[in-house]
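Here are the chains, one letter per residue:
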Amino acid sequence: MTREAGRPGRLDEQAVLLAAGLADLAVSTLGSALGAVRGLLRRSDAADLAAQAEHDLTARGRLVLDRYAVVPPAHLEVLARHALARRAADEG
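What counts as what
Residues numbered from 1 in each chain as written. Predicted model: local features only at pLDDT ≥ 70, side-chain atom pairs only at ≥ 80, totals over all residues. Heavy atoms only, no water. Helix = DSSP H or I, 4+ residues; strand = E, 2+ residues; numbered from the N terminus. Buried < 20%, exposed > 50% of the residue type's maximum accessible area, 1.4 Å probe, protein only. Contact = heavy atoms within 4.5 Å. Areas by Shrake-Rupley, 256 points an atom, 1.4 Å probe, with all protein chains shown as cover. pLDDT = per-residue confidence, 0-100. Salt bridge = Lys/Arg side-chain N within 4 Å of Asp/Glu carboxyl O. Expected span 1.5 Å × (residues − 1).

Colleague: Just checking my understanding: could you explain the overall build of the chain for this structure?
Modeller: In terms of helices and strands, the chain carries three helices and zero strands. Starting at the N terminus, the α and β elements of the chain follow one another as α-α-α. Expressed as a percentage of the 92 residues in the chain, the buried residues total 12%. A sequence separation of at least 24 residues applies to 82% of the contacts in the chain between residues at least 6 apart. Within the structure as shown, the chain displays about 7300 Å² of accessible surface, and the carbon and sulfur contribution to it stands at 62%.

Colleague: Whenever I open this one, the confidence of the model for the chain confuses me. Can you help?
Modeller: One rule of thumb: low pLDDT means the predicted coordinates there are not for detailed reading. A residue-level look at the chain finds 89% of positions with pLDDT of 70 or above and a mean pLDDT of 82. By mean pLDDT, the top-scoring element of the chain is helix α3 (residues 75–91) (91), and the lowest-scoring one is helix α1 (residues 11–41) (82).

Colleague: Looking at this model, I keep getting lost on the pattern of salt bridges. Mind explaining?
Modeller: When charged atoms on two side chains of opposite charge get close, those side chains can pair. Applying the stated criterion across every chain yields a total of three salt bridges. Its salt-bridge partner being Arg10, residue Asp12 comes within 2.9 Å of it at the nearest N-O pair. On the basis of relative accessible area, Asp12 is assigned to the partly exposed category, the value being 43%. Salt-bridge contacts for Arg81 lead to Glu77; the nearest nitrogen and oxygen are separated by 3.2 Å. Of this pair, Arg81 and Glu77 are both found in helix α3, four residues apart, which corresponds to roughly one turn of the helix. Judged by relative accessible area, Arg81 falls into the exposed class, the value being 55%.

Colleague: Please clarify how helix α2 (residues 46–68) should be interpreted in this entry.
Modeller: An α-helical turn contains 3.6 residues, so a residue and the one three or four places further along point in the same direction. The end-to-end C-alpha distance of α2, which contains 23 residues, comes to 32 Å, matching closely the 33 Å that a straight helix rising 1.5 Å per residue would cover. All of the buried residues along α2 are Leu57, Thr58, Gly61, Arg62, Val64 and Leu65.

Shown next, in the form of structure tokens:
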């Protein structure tokens, strides 16, 4: 799910990234997030801050999904690749 920063993805991918970022943010900083929301409501540049928050949450969601959604290679596949590499080195 890694994608270069600043490149928009499909809407469903964007939604998953935002949801994962929001979930991680809620778990780690629920109390301070509520205070930040109260502060946002009082600011005149709320639209700019909301856009920046969306960008930050997307990035955070991407990090969360990269951290937890990556499936490691199968153990036997890794062993087979090592055996092939060793055989090629012995023959060469």
